[in-house]
Amino acid sequence: MIIKVPKEVETALNILHVNSYEAYIVGGCVRDSIMGKVPSDWDVATSAKPEEILLCFNQYRTIETGIRHGTVTVIISKMQIEITTYRIDGEYSDNRRPDDVLFTDKIEFDLKRRDFTINALAYNKNGVIDLFGGLDDIKNKIVKCVGDSDERFNEDGLRILRALRFASVLNFDIEKNTSYSIFRNKNLLNNISMERINIELNKLIMGSNFQNILLEYRDVIEVFLPEIQDLTKEKLEYRLNAMKALNSLILRLSVLLHKIDSPDKILMNLKYDNKTVKTFKLLTENIDEKIYPDQVSIKKWLNKINHVNLNYLIKIKKAMFDYEYEELTKSKKIMKDIIATNQCYSLKTLAINGQDIIDSGVPKGKNIGIVLNKVLNKVIEGKLENNKDTLLIYIYDKREELLSSKK
Ligand code: ATP
Ligand code: MG
């Protein structure tokens with residue numbers, strides 16, 4: 001078997017070889033290459049110790065990424081390559097991190113500590129090293145632990161979620177014993193930080209087989225996301241189906257977790273960033289609000305949630321409510337037209353601002369905002385032209401009415 005390795009990676013392997021160290025590409029990049037996919041990054045494992053790696057690459061820019069764990073990042077013609085010394089993980093006393101790592105000069109040990117057979121392959125110009133049947137498992141589309149599943153999950157509980165992630169992303173089945181062990185050991189996920197869970201969960205949700213995995217393994221997901229316990233099987237299936245039509249994480253999360261008790265708290269707990277939480281809150285709060293396909297109501301929506309979010313909301317509603325599909329397509333068209341023709345729908349695009357109103361003699365204070373919003377509404381409703389003179393004359397004419405009633 002021959003894997004086409006980028007020339008920068010080839011260079012890294014060669015430099016280690018001429019310095020009489022062993023070196024292989026390992027992990028995800030080998031798996032992906034064999035599957036005919038383009039790997040996202042290329043990891044190298046070597047018998048060289050961290051200081052020796054640094055010496056080998058002293059002509060290149062290096063970053064001491066995790067020197068204690070044996071990882072050096074080498075930059076070769078702008079490509080970042082992570083080079084890691086062969087490792088044996090020490091004892092795992094807390095089900096998540098080895099207490100210490102030991103370096104070794106045997107690739108066998110380094111492959112043995114890896115999570116799944118499909119991830120425990122190494123390759124260089126001498127061929128593939130496949131000690132655990134990873135090649136067959138790739139061919140048969142199987143996620144299977146290296147060694148005893150119970151033991152491996154007890155070493156690091158995150159592997160439970162990683163198994164689901166790989167099954168979802170690669171569209172693989174989980175081998176029977178590994179699968180039983182996942183259910184048996186699911187509570188080990190309680191020991192894992194939400195930051196690590198977050199990364200795997202996102203990949204799982206965006207994977208091509210997320211529907212089946214989330215249905216089949218919902219008991220496992222509920223360990224860190226107990227809120228979905230309240231969803232009936234039918235409801236969950238319905239949501240998963242709608243999610244399929246959506247291509248971004250925030251949209252899929254919004255569908256999965258709307259109308260659940262304080263959904264934004266769930267997201268915060270899962271360590272999503274503030275922007276994601278904010279968008280999520282806005283979308284989930286508005287899922288059941290009607291969007292009427294006419295200029296005025298679309299402008300009001302734009303003013304309320306801005307056009308990126310309205311676009312998201314329309315996508316979500318299209319995916320969830322078949323019977324509104326045509327109306328929503330129309331709404332989207334109206335929205336695009338409003339944006340393309342720079343029509344006014346917000347205070348930002350109104351032809352006057354607060355200072356203009358003060359200059360026209362209205363006393364400073366809260367009422368400025370009230371007047372602006374009333375005028376904006378008239379413009380949105382098409383009752384006033386968005387033109388500075390028109391608006392100022394209107395304010396002057398109606399000043400008493402505008403300032404008397406609050407809204
Ligand atoms: P991706 O393409 O999504 O990056 P990957 O297989 O490269 O997939 P990473 O999380 O980048 O996954 O990990 C790189 C490699 O390190 C894995 O292929 C696996 O061999 C090993 N590995 C990562 N995390 C663990 C873990 N928790 N336990 C054991 N081995 C692991
Ligand atoms: Mg990777």
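Per-chain numbering applies: the sequence of each chain, read as written, is numbered from 1 onward. As a convention, the first chain written is A and the first ligand written is 1, with the rest following in written order. It should be noted that, the model being predicted, local features are given only for residues of pLDDT at least 70 and side-chain atom pairs only at 80 or more, the latter also being counted only at that level, while totals for whole chains, interfaces and linings use all residues. To obtain the side-chain values, all non-hydrogen atoms of the structure were used and water was disregarded.

### Looking at the overall build of the protein
Inference 1: Helix numbering and strand numbering both begin at the N terminus, where a helix is a DSSP run of H or I of at least 4 residues and a strand a DSSP run of E of at least 2. Counting its secondary structure elements, the protein contains 21 helices and 11 strands.
Inference 2: Here the protein has a C-alpha radius of gyration of 29 Å; the compact-globule value for 407 residues is 22 Å, and the former is much larger.
Inference 3: Each of the three principal axes of the protein carries a C-alpha extent, and together these read 90 × 55 × 40 Å.
Inference 4: Only protein chains enter the accessibility calculation, which uses a 1.4 Å probe; a residue whose area is less than 20% of its type maximum is buried, one above 50% is exposed, and one in between is partly exposed. Counting all 407 residues of the protein, 50% fall into the buried class.
Inference 5: Here a residue-residue contact requires only that any non-hydrogen atoms of the pair lie within 4.5 Å. A separation of at least 24 residues holds for 63% of the contacts in the protein among residues at least 6 apart in sequence.
Inference 6: Each accessible area is a Shrake-Rupley estimate made with a 1.4 Å probe; only the visible protein chains count as cover when residues are assessed. Put simply, the protein shows about 20,900 Å² of open surface, and 48% of that area lies on carbon and sulfur atoms. Put simply, the radius of gyration uses C-alpha atoms, and a globule should come to 2.2 Å times the residue count raised to 0.38.

### Here's the deal with the site of ligand 1
Inference 1: Whether a residue is near a molecule or strand depends on its heavy atoms: it is near if one of them lies within 4 Å of it. In the neighbourhood of ligand 1, 15 residues make up the surrounding shell, with R31, D156, R159, R162 and R165 lying closest.
Inference 2: In this structure, R114 approaches ligand 1 through a side-chain N or O atom, which is 3.0 Å from an oxygen atom.
Inference 3: Counted as a polar contact is a pair of N or O atoms within 3.5 Å, where, for protein atoms, one must be capable of donating a hydrogen and the other of accepting one, and residues adjacent in sequence contribute only when both atoms are in side chains. At 2.9 Å, a side-chain N or O of D156 approaches a nitrogen atom of ligand 1.
Inference 4: Against a free-state accessible area of 590 Å², the protein chains account for coverage of 78% of ligand 1.

### Side note on the packing of helix α16 (residues 295-320) against helix α19 (residues 366-380)
Inference 1: Axis geometry follows a simple rule: fit a line to the C-alpha atoms, using only the stretch in contact for helices, then measure angles between N-to-C directions, giving values from 0 to 180 degrees. Axis separation between α16 and α19 bottoms out at 9 Å; the angle between their running directions is 140°. Residue-level inspection shows V296, K299, K300 and N303 of α16 in contact with α19, the latter providing L376, N377 and I380.
Inference 2: Under the grouping applied here, Gly and all other residues not named as nonpolar or charged are polar, the nonpolar ones being Ala, Val, Leu, Ile, Met, Phe, Trp, Tyr, Cys and Pro and the charged ones Asp, Glu, Lys and Arg. Class assignment of the residues belonging to the contact of α16 with α19 gives a composition of three nonpolar, two polar and two charged.

### Structural notes on helix α9 (residues 194-206)
Inference 1: Helix span is expected to be 1.5 Å times the residue number reduced by one. Relative to the 18 Å expected for 13 residues at 1.5 Å per residue, α9 spans 18 Å between its end C-alpha atoms, a close match to the ideal helical length.
Inference 2: Looking only at α9, the buried set comprises M194, R196, I197, N198, E200, L201, N202, L204 and I205.
Inference 3: In the core, the buried residues of α9 are packed alongside α7 (158-170), α10 (210-216), α11 (218-221), α12 (233-244), α13 (249-257) and α14 (263-269).

### Details of the state of the cysteines
Inference 1: Throughout, disulfides are identified as pairs of cysteine sulfur atoms within 2.5 Å of each other. Going through the model one piece at a time under the given rule, you end up with zero disulfides.
Inference 2: C29 forms no disulfide, and the closest cysteine sulfur to it belongs to C56, at a distance of 19 Å.
Inference 3: On the basis of relative accessibility, which here comes to 2%, the residue C29 falls in the buried class.

### Side note on the sheet that holds strand β9 (residues 127-130)
Inference 1: For two strands to be treated as a pair, DSSP must find no fewer than two bridges joining them. Spatial strand order, β3-β4-β5-β2-β1-β8-β9: seven strands in an open sheet with mixed pairing. Edge positions in the open sheet fall to β3 (61-66) and β9, since each of these has one partner strand only. Put simply, the sheet's adjacent strands are angled 30° from each other on average, direction ignored.
Inference 2: Alignment of strand β2 (residues 43-46) against strand β5 (residues 79-85), held across four bridges, turns out to be parallel. Note on β5: the bridge partner recorded for A45 is T84.
Inference 3: Running over the sheet, helix α1 (residues 7-18) touches β1 (23-26), β2, β4 (71-76), β5 and β8 (121-124) and is turned about 35° from β5.

### Focus: unusual backbone geometry
Inference 1: Backbone geometry at S20 places phi at a positive 60°, although glycine is not the residue there.
Inference 2: Here S20 is to be found in the loop between α1 and β1.
Inference 3: Taking the relative accessible area as the measure of exposure, S20 reaches 66% and is therefore exposed.

### Details of the side chain of T85
Inference 1: Relative to the helices and strands, T85 resides in strand β5.
Inference 2: Excluding anything up to four places from it in sequence, T85 contacts T46, S47, A48, K49, P50, I53, G70, F103 and D110.

### What to know about the packing of aromatic side chains
Inference 1: For this analysis, a ring pair means two rings from Phe, Tyr or Trp (six-membered ring only for Trp) whose centres lie within 6.5 Å, classed as stacked if their planes differ by under 30 degrees, edge-to-face if by over 60, and tilted for the remaining angles. Enumeration according to the criterion identifies four aromatic pairs in this entry.
Inference 2: With centroids separated by 6.1 Å and ring planes inclined at 65°, the aromatic side chains of F57 and Y60 adopt a geometry described as edge-to-face.
Inference 3: Y60 sits in the partly exposed class, given a relative accessible area of 30%.
Inference 4: Throughout this description, the term charge over a ring refers to an Arg CZ or Lys NZ atom that lies within 6 Å of the ring centre and within 35 degrees of the ring normal. One residue, R165, lies across the ring of F166, its end atom 4.1 Å from the ring centre.
Inference 5: The residue whose ring lies beneath K318 is Y325, and the NZ or CZ to ring-centre distance is 5.0 Å.

### Remarks on the packing of α12 against α13
Inference 1: At a minimum axis separation of 9 Å, α12 and α13 run at an interaxial angle of 165°. Taken together, the axis directions place α12 and α13 in an arrangement best described as roughly antiparallel. Our pair here, α12 against α13, has a crossing hand that is right-handed. Mapping the contact onto sequence places L236, R239, L240, A242, M243 and K244 in α12 and R252, V255, L256 and L257 in α13.
Inference 2: Considering only residue class, the contact of α12 with α13 consists of seven nonpolar, no polar and three charged. For classification, angles of less than 35 degrees are called roughly parallel, those exceeding 145 degrees roughly antiparallel, those between 65 and 115 degrees roughly perpendicular, and all remaining angles oblique. Should the near helix be turned anticlockwise from the far one by less than a right angle, the crossing is left-handed, and should it be turned clockwise, the crossing is right-handed.

### Some thoughts on the domain arrangement of the protein
Inference 1: Parsing the protein into structural domains produces domain 1 (7-140), domain 2 (142-224), domain 3 (247-343) and domain 4 (347-403).
Inference 2: Residue ranges for the domains trace back to a domain assignment, done automatically or taken from a database. The gap between the C-alpha centroids of domain 3 and domain 4 is 29 Å.
Inference 3: When domain 3 packs against domain 4, the two sides together hide about 440 Å² of surface, and 59% of this comes from carbon and sulfur.
Inference 4: Criterion for a salt bridge: a side-chain nitrogen of Lys or Arg within 4 Å of a carboxyl oxygen of Asp or Glu. Where domain 3 meets domain 4, there are one salt bridge. What gets called buried area is simply the loss in accessible area from a 1.4 Å probe that two parts show on being joined, summed for both.

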